[in-house]
Amino acid sequence: MVTIYIDHKPYTVNPGKNLLETCLTLGFDLPYFCWHPALGSVGACRQCAIKMFRDGDDKQGRLVMSCMEPVANNQRISIMDPMAVDFREGVIEWLMTNHPHDCAVCDEGGSCHLQDMTVMTGHAYRRFTFKKRTHVNQDLGPFINHEMNRCIQCYRCVRFYKDYAGGEDLDVFASKSNVYFGRSEPGILESEFSGNLSEVCPTGVFTDKTLKQHYTRKWDLTMAPTICQHCSLGCNIIAGERYGDLRMIANRYHGEINGYFICDRGRFGYEFVNSPNRILQPQHMGQPIDSDKAINEISELIKQSNVIGIGSPRASLESNYALKKLVGDSNFYKGVSKQEQALTELAVSILKEGTVRTPSMKETEKADAVFILGEDLTNTAPMLALAVRQSVKQQPMQEVNKLAVPEWNDAAAREIIQDKKGPLFVATVAETKLDTIASKTFRAAPQDIARLGFAVANLIDSSAPNLSNLSEEEKTLAELIAKSLLASERPVIISGTSCQSDSVLKAAANVASALQKRNKNTGIVLTLPECNSVGLSVMGGLALHDAFEKVKNSKADAVIILENDLYRHGSAKVVDAFLSKCKSVIVIDHSQHATTTKGQWLIPAGTFAEADGTLVNNEGRAQRFFQVYEKANVKESWRWLSSIGSAAGNAIMQPWKNFDSITAALSQEEKNFNGIEKVSLSADFRMHDGQRVPREPHRYSGRTSMLANVAVSEPKPPEDLDSGMSYTMEGTRALPPSSMIPFFWSPGWNSVQSVNKYQEEVGAALRGGDPGIRLFEASGKQSSYFTNVPEKFKPVENKLWGVPIHHIFGSEELSAKGAAVSNRVPLPYLLLSKEDAAKLKLTEGEAIEFEIDEQGFKLPVKLCATISTGVAGLPVGLPGLSFIELSSWGVIRSLK
């Protein structure tokens, strides 16, 4: 620790930081634009000027940019020196010479960093009376709106988009005094992280186009902390509602998971909540029915039937648990295909019982060598791909450290590093976006990807299984990977279930285990199919196939299907037979899909925005999502099931009056979830002043007139029985606990930049610690290597080995139902190597007919230069493609 003096007062601070972030950590209001805690310092905007003095006798001092000055012991600075104050005000005035006077109609108005900094500097009157510089805006696609006239040339957008996220189609263009930030021509922004521009930009140049369609000032939103539902990583988000519609998703900072950013699927995939295909009323045989009547009739039906329950990897722990208790442990089925269940259980077993710990995404960013087996992370776990992009900077950063240049000095660090990158090895079926930063790539069938992994493990530890008949190219690559991993300090192995190969998972586990014997800092990260795949797997249950067999053999005649479209987990033929055999099909879900069309009973479940629940992410971290708003007739699935169970006389379900009671029961009865109630504070929690945490900012407006067309008197707001939050603006203005932060705001800080007021230290954990608890760590019970090495893949005449291909937009079920994301969903196709296409005399776009597992397909061909001969990629989950269990052989039928 060192001591610095700010305006003559001493402060003890951490060394290694710059003065700007140190001042912010201490609670000072110091304006800035170009600096960002995740992007570092470049000193471009000159807004953070302060006065620095040589020593206590120096009365003159000099102006310096605080973002470019490292902290030093006995340093003396002044924030309030008149020269520094005047300088900062002058910078704002120059920025305003070309900034439009459009705050009243700007999307960022009232939550704008530029407005905050203008007020902070004291600039209040514009003396500039001449013509302003103007620009032509671009159409950047369905996600981002562009208004270039508001730009202040801080360069944050291109530094994030290009340097941090690896995008290539957004840049800065300049001619004389004109500077333009955009694309070379109008078009859809290609980066999967483009939505972060709306938060990175300190003005209104880049804004959320989906919010613009139903615009609401951000202080007029009812907001709550929640968890992204669209992959297994568990990113923290804020959801905002107005007039009964979800209007916006924003990033919610979490120091160990997503940090300051989220992917575009997480930001824009929320629109399914507002879809016209929502289930908003209980239905029986297609006709609306009263909620109480539905509960009573279903409870009677359960008492008279042999009922089974099918859970879901996208439903909360509480909802799956409630269904399990209602139907009994022996009648609870996990609701995923046999293969998906086996892969998920294997992945969870590796994470729980293996010898290697799973690092958080923040820790993955600090990895200095990464080996990816089988996962196209950009499409299956985008934020993990973003973390990997930061990891390749770690090894070159050692050169920066040797020159005593601080890592936060981004301008100097990039000058030193240039294009150097640390070791990253990507072994996948087809090309990925991470290939451009990879040291080496390897393209092969899943079997051969696994073989490469087994070979690397053996080179690291000779006691690991050996294998023969590797090609010279594969041997050389395996040796290079092993050497690089052994030379690193913090290696991370990444794999997952998306290529549907247990051999790939086992190979990844072997590599990590072999490395861990040499290096205790080794980490393994495995991605799973859905947001609660880990939670469902840990809870236990029988295979979906067994449910089909039970009904087929007339051992059950009724089924409750929980938030699950069975047609995404089983073939249409098998699912049709199963549902037609059931006398009663009860579907609890929030959106219409193929399974709901076959249900006699439809019960309207709440989405993540209308429900409370707990999810477990891929690292085993349990996190709670809070209800944003209440919707008539819509309740959490666990609440519906509790009511049905109580009406049916199920004694276990009688006491579940609120979220606390069901979570306590879950913790007590399911040993794998002991302590789960500690994930969030109880419903009885109140702040030190005895008040609740408000979901609405204190500036919220229009409450008394929103329903004036219905009734003149203002209705009584609902009371939250499940948390210590209120649905209104009434409540404390003090900083809430980290798990209950509904929005970021602080006096003088109306934009998302106010997050620094909620952190223990800028860029570090939230005050009180980041939300969530880890349910398990690697126990070391399974310390032996996997030994079943697969045979080398061999093409078969007139057949293609079908492998799954994932898309960030389209493969995930819920986000694809939203209007904006649906515009980015590709049409179905078959990915084929150029060699196979030439052999079959096919060109790009021509149709091919083939059959897999008795299902026929006719799809246009998409050529790929990197996929292996004899292998074909079939997109997963795209509209128009039925479920098929891959990897499997496909038989070519005809070419047209």
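Residues numbered from 1 in each chain as written. Predicted model: local features only at pLDDT ≥ 70, side-chain atom pairs only at ≥ 80, totals over all residues. Heavy atoms only, no water.

## Quick look at the overall build of the protein chain
Helix and strand counts for the protein chain come out as 25 helices and 35 strands. Taken over C-alpha atoms, the radius of gyration comes to 28 Å for the protein chain, in line with the 29 Å a tight globule of 896 residues would show. With the principal axes as the frame, the protein chain shows a C-alpha extent of 90 × 80 × 55 Å. The buried share among the 896 residues of the protein chain stands at 62%. Across the protein chain, contacts joining residues at least 24 apart in sequence account for 74% of those joining residues at least 6 apart. Element-wise, carbon and sulfur atoms account for 50% of the exposed surface of the protein chain, whose accessible area totals about 34300 Å². Once the 97 positive and 103 negative side-chain charges of the protein chain are each reduced to a mean point, those two points are 1 Å apart. (Helix = DSSP H or I, 4+ residues; strand = E, 2+ residues; numbered from the N terminus. Rg over C-alpha atoms; globule rule 2.2 N^0.38 Å. Buried < 20%, exposed > 50% of the residue type's maximum accessible area, 1.4 Å probe, protein only. Contact = heavy atoms within 4.5 Å. Areas by Shrake-Rupley, 256 points an atom, 1.4 Å probe, with all protein chains shown as cover. Lys, Arg positive; Asp, Glu negative; His and termini not counted. Charge placed at Lys NZ, Arg CZ, Asp CG, Glu CD.)

## Observations concerning the sheet that holds strand S3 (residues 49–53)
Across the sheet, which stays open at both edges, the five strands sit in the order S2-S1-S5-S3-S4 with mixed pairing between neighbours. On the outer flanks of this sheet lie strand S2 (9–13) and strand S4 (62–65), each paired with one strand and no other. Direction aside, the axes of adjacent strands within the sheet are offset by 40° on average. Relative to the sheet, helix H2 (residues 82–96) contacts S3, S4 and strand S5 (75–78), its axis offset from that of S3 by approximately 155°. (Pairing = 2+ DSSP bridges. Axes fitted to C-alpha atoms, helices over the stretch in contact; angles between N-to-C directions.)

## Focus: H2
In an α-helix, one turn spans 3.6 residues, which is why side chains three or four residues apart end up on the same side. For H2, spanning 15 residues, the distance from its first C-alpha to its last is 21 Å, which sits close to the expected 21 Å at 1.5 Å a residue. When H2 is considered as a whole, its buried residues turn out to be Ala-84, Arg-88, Val-91, Ile-92, Glu-93, Leu-95 and Met-96. At its buried positions, H2 is contacted by S3, S4, S5 and helix H3 (113–121). Looking at where H2 begins, the residue whose side-chain oxygen comes 2.9 Å from the main-chain nitrogen of Met-83 is Asp-81. (Expected span 1.5 Å × (residues − 1). Polar contact = N/O pair within 3.5 Å; in protein donor to acceptor, adjacent residues only side chain to side chain.)

## Examining the pairing of strand S18 (residues 424–428)
With five of its five residues buried, S18 lies for the most part within the structure. Residues Leu-424, Val-426 and Thr-428 line one face of S18 and the alternating positions Phe-425 and Ala-427 line the opposite face, and both faces are buried. Pairing geometry for S18 and strand S19 (residues 440–443), over four bridges, is parallel. For Val-426, the partnering residue across the bridge sits in S19 and is Thr-441.

## Topic: the nonpolar core
One finds Phe-160 and Phe-608 to be the most contacted residues of the largest nonpolar core, which totals 150 residues. Excluding its chain neighbours within four sequence positions, the residues that come into contact with Phe-160 are Leu-39, Ala-165, Phe-193, Asn-196, Leu-197, Val-200 and Phe-261. Listed in part, the 101 residues of the second largest apolar core include Ala-294, Phe-442, Ile-449 and Ala-455. (Core = buried A, V, L, I, M, F, W, Y, C linked by side-chain atoms within 4.5 Å.)

## Here we look at the pairing of strand S15 (residues 307–310)
In S15, alternate side chains face the same way, and those of Val-307 and Gly-309 on one face and Ile-308 and Ile-310 on the other are all buried. By the bridge criterion, four bridges tie S15 to strand S22 (residues 558–562) in an arrangement that is parallel. Its bridge partner being in S22, Gly-309 is matched across the sheet by Ile-560. As defined by bridge partners, S15 adjoins strand S16 (residues 332–333) across two bridges and the pair is classed as parallel. Bridge pairing links Ile-310 to Tyr-333 in S16. Between the parallel elements S15 and S16, the chain passes through helix H9 (residues 317–327) in a crossover that is right-handed. (Right-handed = clockwise from strand over helix to strand, strands pointing away.)

## Some words on the domain arrangement of the protein chain
Domain boundaries in the protein chain define domain 1 (2–80), domain 2 (219–273 + 681–770), domain 3 (355–528) and domain 4 (800–894). Measuring from the centre of the C-alpha atoms in domain 3 to the corresponding centre in domain 4 gives 27 Å. Regarding the contact of domain 3 and domain 4, the summed buried area is about 1100 Å², with carbon and sulfur atoms giving 60% of it. Considering only the side of domain 3, the residues that lose the most area to domain 4 are Asn-379, Val-429 and Gln-500, jointly responsible for 36% of the buried surface there. Applying the counting rule to domain 3 against domain 4 returns zero salt bridges. (Domains from an automatic or database assignment. Buried area = accessible area lost by both parts, 1.4 Å probe. Salt bridge = Lys/Arg side-chain N within 4 Å of Asp/Glu carboxyl O.)

## Describing the state of the cysteines
Considering all chains together, one arrives at zero disulfides under this definition. Counting only cysteine sulfurs, Cys-34 is the nearest neighbor of Cys-45, a cysteine outside any disulfide, at a range of 3.6 Å. Overall, Cys-45 belongs to the buried group, its relative accessible area being 13%. Its sulfur unpaired, Cys-228 is 5.9 Å from the next cysteine sulfur, which belongs to Cys-263. (Disulfide = S-S within 2.5 Å.)

## Looking at the environment of Leu-536
For Leu-536, the position within the fold is in helix H19 (residues 533–539). For the pair Leu-536 and Cys-23, spaced 513 residues apart in sequence, the C-alpha separation works out to 45 Å. Sequence-distant contacts of Leu-536, that is, excluding residues within four places in its chain, are made with Ser-312, Pro-313, Asn-320, Phe-332 and Lys-334.

## Some words on the pattern of salt bridges
Taken as a whole and assessed by the stated rule, the structure comprises 48 salt bridges. For the salt bridge of Asp-102 with Arg-150, the shortest nitrogen-to-oxygen distance reads 2.8 Å. In this pair, Asp-102 is assigned in the loop between H2 and H3 and Arg-150 in the loop between strand S6 (144–146) and helix H4 (156–164), connecting sequence segments 48 residues apart. The same class applies to Asp-102 as to Arg-150, namely buried.

## Thoughts on the environment of Thr-522
The residue Thr-522 is located in the loop between helix H18 (502–518) and strand S21 (523–527) in this model. Judged by its relative accessible area of 4%, Thr-522 falls in the buried class. Between the alpha carbons of Thr-522 and Glu-108 there is a distance of 43 Å; along the sequence they are 414 residues apart. Residue contacts for Thr-522: discarding those within four places in its chain leaves Val-356, Arg-357, Pro-491, Ala-512, Leu-515 and Gln-516. Polar side-chain contacts of Thr-522 include one of 2.8 Å to the backbone oxygen of Asn-519.

## Some thoughts on the side chain of Ser-498
Turning to its location among the elements, Ser-498 is positioned in the loop between strand S20 (491–496) and H18. Within the local environment of Ser-498, its side chain forms a polar contact with the side chain of Glu-375, the two groups lying 2.6 Å apart. Residue contacts for Ser-498: discarding those within four places in its chain leaves Gly-374, Glu-375, Thr-380, Pro-804 and His-806.

## Description of the side chain of His-569
Residue placement: His-569 occurs in the loop between S22 and helix H21 (572–581). In this structure His-569 comes out as buried when scored by relative accessible area, which is 7%. At 3.5 Å, the side chain of His-569 and the side chain of Asn-564 are in polar contact. Residue contacts for His-569: discarding those within four places in its chain leaves Gly-335, Val-336, Ser-337, Glu-340, Glu-530, Leu-544, Asn-564 and Phe-883.

## Describing the packing of aromatic side chains
The description of two aromatic rings rests on the distance between their centres and on the angle between their planes. Scanning the entire structure with this criterion turns up 20 aromatic pairs. Aromatic rings pair up to connect Phe-160, Tyr-164, Tyr-253, Tyr-260 and Phe-261 into one cluster. (Phe/Tyr/Trp six-rings, centres within 6.5 Å; stacked < 30°, edge-to-face > 60°.)

## Here's the deal with the packing of helix H10 (residues 338–353) against H18
Look at H10 against H18: their axes get within 10 Å of each other, and the N-to-C directions meet at 5°. As judged from the angle between their axes, H10 and H18 are roughly parallel. Counted together, Leu-343, Leu-346, Ala-347 and Ile-350 of H10 and Asp-502, Leu-505, Lys-506 and Ala-509 of H18 form the full contact between these two elements. (Parallel < 35°, antiparallel > 145°, perpendicular 65-115°, else oblique.)

## Regarding the sheet that holds S16
The seven strands lie next to each other as S14-S13-S24-S23-S22-S15-S16, forming an open sheet whose pairing is mixed. Lying at the two open borders of the sheet, with one neighbouring strand each, are strand S14 (287–288) and S16. In terms of strand pairing, strand S23 (residues 584–589) meets strand S24 (residues 601–604) through four bridges, oriented parallel. Across the sheet, the residue bridging to Asp-589 is Pro-604, located in S24.

## Here's the deal with H4
Most of H4 sits out of view: seven of its nine residues are buried. For H4, the set of buried residues is Arg-156, Cys-157, Val-158, Arg-159, Phe-160, Tyr-161 and Tyr-164. Looking one or two places after H4, you find Gly-166, whose phi comes out positive at around 80°.

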